[in-house]
Amino acid sequence: MKQAGFPLGILLLFWVSYISDFSLVLLIKGGALSGTDTYQSLVNKTFGFPGYLLLSVLQFLYPFIVDPENLFVGRHFIIMISTVTFTLPLSLYRDIAKLGKVSLISTVLTALILGIVITRIVSLGPDVPKTDDAWVFAKPNAIQAVGVMSFAFICHHNSFLVYSSLEEPTVAKWSRIIHISIVVSMFICILFATCGYLTFTGFTQGDLFENYCRSDNLVTFGRFCYGITVLLTYPMECFVTREVIANVFFGGNLSSVFHVVVTVVIITIAMLVSLLIDCLGIVLELNGVLCAAPLIFIIPSACYLKLSEEPRTHSDKIISCVMLPIGAVVMVFGFVMAIINPQDCTHGQEMFYCFPDNFSLTNISDSRFQLTTQLSTLNISIFR
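Quick summary incoming for the structure in this document. All values derive from a computational prediction rather than experimental measurement.

### Structural notes on the state of the cysteines
Cysteine pairs can be linked by a disulfide, which is a covalent bond between their two sulfur atoms. Applying the stated criterion to the full structure yields one disulfide. A sulfur-sulfur separation of 2.0 Å characterises the disulfide bridge that pairs Cys-213 with Cys-354. Looking down the S-S bond of the Cys-213 and Cys-354 bridge, the torsion is -95°, so its handedness is left-handed. One end of the pair, Cys-213, is in the loop between helix 7 (171-200) and helix 8 (217-249); the other, Cys-354, is in the loop between helix 11 (315-340) and helix 12 (368-383), and 141 residues separate them in sequence. Given the relative accessible area of 11%, Cys-213 is considered buried. Exposure remark for Cys-354: the relative accessible area of 17% places this residue in the buried category.

### With respect to helix 11
An α-helical turn contains 3.6 residues, so any two residues separated by three or four positions project in the same direction. The terminal C-alpha atoms of helix 11, which comprises 26 residues, lie 37 Å apart, in line with the 38 Å expected from a rise of 1.5 Å per residue. Listed as buried for helix 11 are Asp-316, Lys-317, Ser-320, Met-323, Gly-327, Val-330, Gly-334, Met-337 and Ala-338. Structurally, helix 11 contributes buried residues whose contacts are with helix 1 (6-34), helix 5 (142-153) and helix 10 (280-307).

### Things to note about the environment of Lys-29
Among the structural elements, Lys-29 can be located in helix 1. In this structure the C-alpha to C-alpha distance between Lys-29 and Cys-303, which are 274 residues apart in sequence, comes to 9.9 Å. Dropping the residues within four chain positions of it, Lys-29 is found in contact with Val-171, Tyr-304 and Asp-316.

### Remarks on a nonpolar patch on the surface
Where nonpolar side chains cluster on the molecular surface, the patch consists of Val-329, Val-332, Phe-333, Phe-335, Val-336, Ile-339 and Ile-340 and spans about 650 Å² of accessible area. Mapped onto the elements of the fold, Phe-335 is located in helix 11. What makes Phe-335 partly exposed here is its relative accessible area of 34%.

### Some thoughts on the packing of helix 1 against helix 5
A pair of packed helices can be characterised by two numbers: the angle between their axes and the separation between those axes. Helix 5 packs onto helix 1 with a crossing angle of 45° between their chain directions and a minimal axis gap of 10 Å. With respect to their mutual orientation, helix 1 and helix 5 come out oblique. Crossing angle aside, the handedness with which helix 1 passes helix 5 is right-handed. Seen from helix 1, the contacting residues are Leu-8, Gly-9, Leu-12, Leu-13, Trp-15, Val-16, Ser-17 and Ser-20; seen from helix 5, they are Ala-142, Val-146, Met-149, Ser-150 and Phe-153. Broken down by class, the residue content of the contact of helix 1 with helix 5 amounts to nine nonpolar, four polar and no charged.

### Concerning the pattern of salt bridges
Evaluation of the coordinates by the stated rule reveals three salt bridges. In this structure, Asp-316 and Lys-29 form a salt bridge, with 3.0 Å as the shortest nitrogen-oxygen distance. Of this pair, Asp-316 sits in helix 11 while Lys-29 sits in helix 1, and the two are 287 residues apart along the sequence. Judged by its relative accessible area of 27%, Lys-29 falls in the partly exposed class. Here Asp-216 ties to Arg-120 by a salt bridge, and the two come within 2.5 Å at their closest N and O atoms. Of this pair, Asp-216 sits in the loop between helix 7 and helix 8 while Arg-120 sits in helix 4 (residues 100-123); the two residues are 96 residues apart in sequence, bridging distant segments of the chain.

Definitions and limits used
Residues numbered from 1 in each chain as written. Predicted model: local features only at pLDDT ≥ 70, side-chain atom pairs only at ≥ 80, totals over all residues. Heavy atoms only, no water. Disulfide = S-S within 2.5 Å. Helix = DSSP H or I, 4+ residues; strand = E, 2+ residues; numbered from the N terminus. Buried < 20%, exposed > 50% of the residue type's maximum accessible area, 1.4 Å probe, protein only. Expected span 1.5 Å × (residues − 1). Contact = heavy atoms within 4.5 Å. Patch = residues over 30% accessible without salt bridge, like charges linked within 9 Å, V, L, I, M, F, W, Y side chains within 5 Å. Areas by Shrake-Rupley, 256 points an atom, 1.4 Å probe, with all protein chains shown as cover. Salt bridge = Lys/Arg side-chain N within 4 Å of Asp/Glu carboxyl O. Axes fitted to C-alpha atoms, helices over the stretch in contact; angles between N-to-C directions. Parallel < 35°, antiparallel > 145°, perpendicular 65-115°, else oblique. Left-handed = near helix turned anticlockwise from the far one by under 90°. Nonpolar A, V, L, I, M, F, W, Y, C, P; charged D, E, K, R; others polar.

By themselves, these figures tell us nothing about what the structure is for.
Laid out in structure tokens, this is it:
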């Protein structure tokens, strides 16, 4: 919302959710047309080894461009302990269907976090000044916003794993599940984005939790719930990365020993990344434009266009022809803009409105220079 402009941001969320729904169904249709049952085999049959290698790299990298938890008090210790205690054991499962109940718990916690964010509109929103451009229709960083939104909806890399876990999997059954799932996801995303932006407007950080004060016990509980959701859902990403390694280096099958070794290596590397990075905004952007955009927009469209024998005027082909170049634009220009104009990040530093006694909340502009100056003044005051 901050990057795209509030009205345009809402429209883009609807658009990205529709494209995600369409491309997820398109993937399974492509698998049916090619007689394949994995994303990698679909691309390999359609575009040969170069396409297979490119997809493998994207699927492998996606879980590593993730910063699981932004807990700044003992965060390194907490991440290491929680990874060893929860993430690793769950990631050692061989059957993704066994994570179903775990994912349900994650969904319930997400609804709980959403309730906390909604509550803070009323209790915290009036204390946060609104920036001058808070309600403009569109902003020049809309492409970066599409990258972040794409990250929110990306699940294409494990779609075949989920599809194969269904009882009597069919394209029609998959389509119904995807439609319902995307609608629910879109509703949750719109509520999160709207409530967060209405509370903080131009001061919204890449990680919404960075906007809340440390003394807020309710939000601290929300941070805890968020950490749990990541611990419970990250194993699904590990499944994909492990499958890529198994297909590329082990012919698709891992022995029990190598299954454990590969899983431990994946989890360890991902944990090291999360220990080194504490700024979630740039992570979401880069992941969105470099991995999510091609996995959502480009590859499903390209595969379907090459495999389908439907006439060019068929609706699926028309939409695919539109999706493919748009995905390329989001990927290229989104990456350039993310590097040139990265999202604001406090690196765990409290926002100025958390110190009403040391700081004036009147006549605050949304300019980056003034915000930086105000935060620097606050830091000097706290240090003294």
